[in-house]
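# Structural characterization, general
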Amino acid sequence: MSASPADDGLWCRRFNPAPDAAHRLVCFPHAGGSASYYLPVSGALSPRVDVVAVQYPGRQDRRAEPLIDDIGALADQLYEVLRGRDDRPLTFFGHSMGALVAFEVARRFERDGAGPVRLFASGRRAPSRYRDENVHRRDDDGIIAEVKAMSGTDNRLLGDDELIRMILPALRGDYRAVETYRCPPGATVDCPVTALVGDDDPKTSLDEAEDWRHHTTGDFDLRVLPGGHFYLNNRGPDVLKILDEHFVAHTAAQGA
């Protein structure tokens, strides 16, 4: 059953609505992340691109909702929300955990004969590359230490006990989703894939990012940028340039 408009409002945030845009970019957040992480992307690309930022349950204004700590179940829900909203070419961008979610949502779209025109997989090793990680089994201090090490959350926020209590359930659930995910053997998408990675990312080596090429039957491109796991915090203009190149190229191809 397709999702209702109310479901769309829960899951999809349009900070800068662009009803006349030729393209739609769907952005999937990292573990513990929220739709607001992509606010700068929305502001930079609107009105040329309709940017939709996904809001997972269990955080911010959805904090009271049950967490979904399984990548497949999360992708199922998002597919139901996003299907039928492909009235213009879709592009997916996911960072870290979001790259896996975007990949699985794209697979579900393609089963129905639709799907994105390109998947940008940022800061995440290829779906078939595993590491033995159990951050979700750590105590609260252990999870906080992991987040600080990745520099994905303002350390000032992690010093606030009330805020810690608010974000820890989402962090633990998201880490559980990522660390228990197992890619189906031979799983691919037909759309082209661009993998982006920081050259000093402790979570994703260049070799692990390169292996995304084995998960698409389309073209593959690897972009390496300076920085660690959250390289895009400091390299936003570079990422926006890469996205712009994609939208310009796709528009030109459609007009050819």
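To start, this report covers the structure provided alongside it.

Of the regular secondary structure elements, the protein holds eight helices and seven strands. Its C-alpha atoms give the protein a radius of gyration of 17 Å, near enough to 18 Å, the size a compact globule of 256 residues would have. Along the three orthogonal principal directions, the C-alpha set of the protein runs to about 55 × 40 × 35 Å. Counting every position in the protein, which comprises 256 residues, the buried fraction comes to 51%. In the protein, the share of contacts with a sequence separation of at least 24, taken over all contacts with a separation of at least 6, comes to 81%.

This part is about the packing of helix α3 (residues 71-82) against helix α4 (residues 97-111). Direction vectors running N to C along α3 and α4 enclose 55°, while the axes themselves pass 9 Å from each other. Taken together, the axis directions place α3 and α4 in an arrangement best described as oblique. Crossing geometry of α3 relative to α4 is assigned as right-handed. Listed contacts from α4 to I71, G72, L74, A75, D76, L78, Y79 and L82 of α3 are M97, L100, V101, E104, V105, R108 and F109. The residue inventory of the contact of α3 with α4, partitioned by class, reads 11 nonpolar, one polar and three charged.

Its 12 residues place the ends of α3 16 Å apart at the C-alpha level, agreeing with the 16 Å of an ideal helix rising 1.5 Å per residue. Of the residues making up α3, those classed as buried are I71, L74, A75, L78, Y79, V81 and L82. Down the axis of α3, the buried set is contained in an arc of 160°. They therefore lie on one face. The opening residue of α3 is D70, an N-cap whose side-chain oxygen sits 3.0 Å from the backbone nitrogen of G72. G84 lies just past α3 and shows a positive phi near 85°.

Residues F28, L78, F92, V101, V105 and W212 are the most contacted members of the largest nonpolar core, which totals 41 residues. Those elements that provide at least two residues to this core are β2 (23-28), β3 (49-54), α3, β4 (90-95), α4, β5 (118-122), α6 (161-179) and β6 (193-198). The element that contributes the greatest number of residues to this core is α4, accounting for nine residues. When residues no more than four places from it in sequence are discounted, the contact partners of L78 are W11, F28, V54, Y56, V101 and V105. Formed by 20 residues, the second largest nonpolar core is a distinct cluster that contains A35, A53, L196 and F247.

The residue after S46, namely P47, is reached through a cis peptide bond having omega 5°. Here P47 shows up in the loop between α2 (39-45) and β3. Positioned with a positive phi, S96 is a non-glycine residue whose angle comes to about 55°. Structurally, S96 is set in the loop between β4 and α4.

For the structure shown, the criterion picks out eight aromatic pairs. Ring centres of Y37 and F230 lie 6.4 Å apart, and the angle between their planes is 75°; this geometry places the pair in the edge-to-face category. Remark: F230 occurs in the loop between β7 (220-225) and α8 (236-255) and Y37 occurs in the loop between β2 and α2; sequence separation between them is 193 residues. For F230, a relative accessible area of 10% translates into the label buried. Against the face of W11 rests R62, its NZ or CZ located 4.4 Å from the ring centre. For R182, the ring lying beneath its charged end belongs to Y130, and the centroid distance is 4.8 Å.

Thresholds applied
- Residues numbered from 1 in each chain as written.
- Predicted model: local features only at pLDDT ≥ 70, side-chain atom pairs only at ≥ 80, totals over all residues.
- Heavy atoms only, no water.
- Helix = DSSP H or I, 4+ residues; strand = E, 2+ residues; numbered from the N terminus.
- Rg over C-alpha atoms; globule rule 2.2 N^0.38 Å.
- Buried < 20%, exposed > 50% of the residue type's maximum accessible area, 1.4 Å probe, protein only.
- Contact = heavy atoms within 4.5 Å.
- Axes fitted to C-alpha atoms, helices over the stretch in contact; angles between N-to-C directions.
- Parallel < 35°, antiparallel > 145°, perpendicular 65-115°, else oblique.
- Left-handed = near helix turned anticlockwise from the far one by under 90°.
- Nonpolar A, V, L, I, M, F, W, Y, C, P; charged D, E, K, R; others polar.
- Expected span 1.5 Å × (residues − 1).
- Arc of directions from axis to C-beta.
- Polar contact = N/O pair within 3.5 Å; in protein donor to acceptor, adjacent residues only side chain to side chain.
- Core = buried A, V, L, I, M, F, W, Y, C linked by side-chain atoms within 4.5 Å.
- Phe/Tyr/Trp six-rings, centres within 6.5 Å; stacked < 30°, edge-to-face > 60°.
- Lys NZ or Arg CZ within 6 Å of the ring centre and 35° of its normal.

By themselves, these observations are geometric and do not establish any function.
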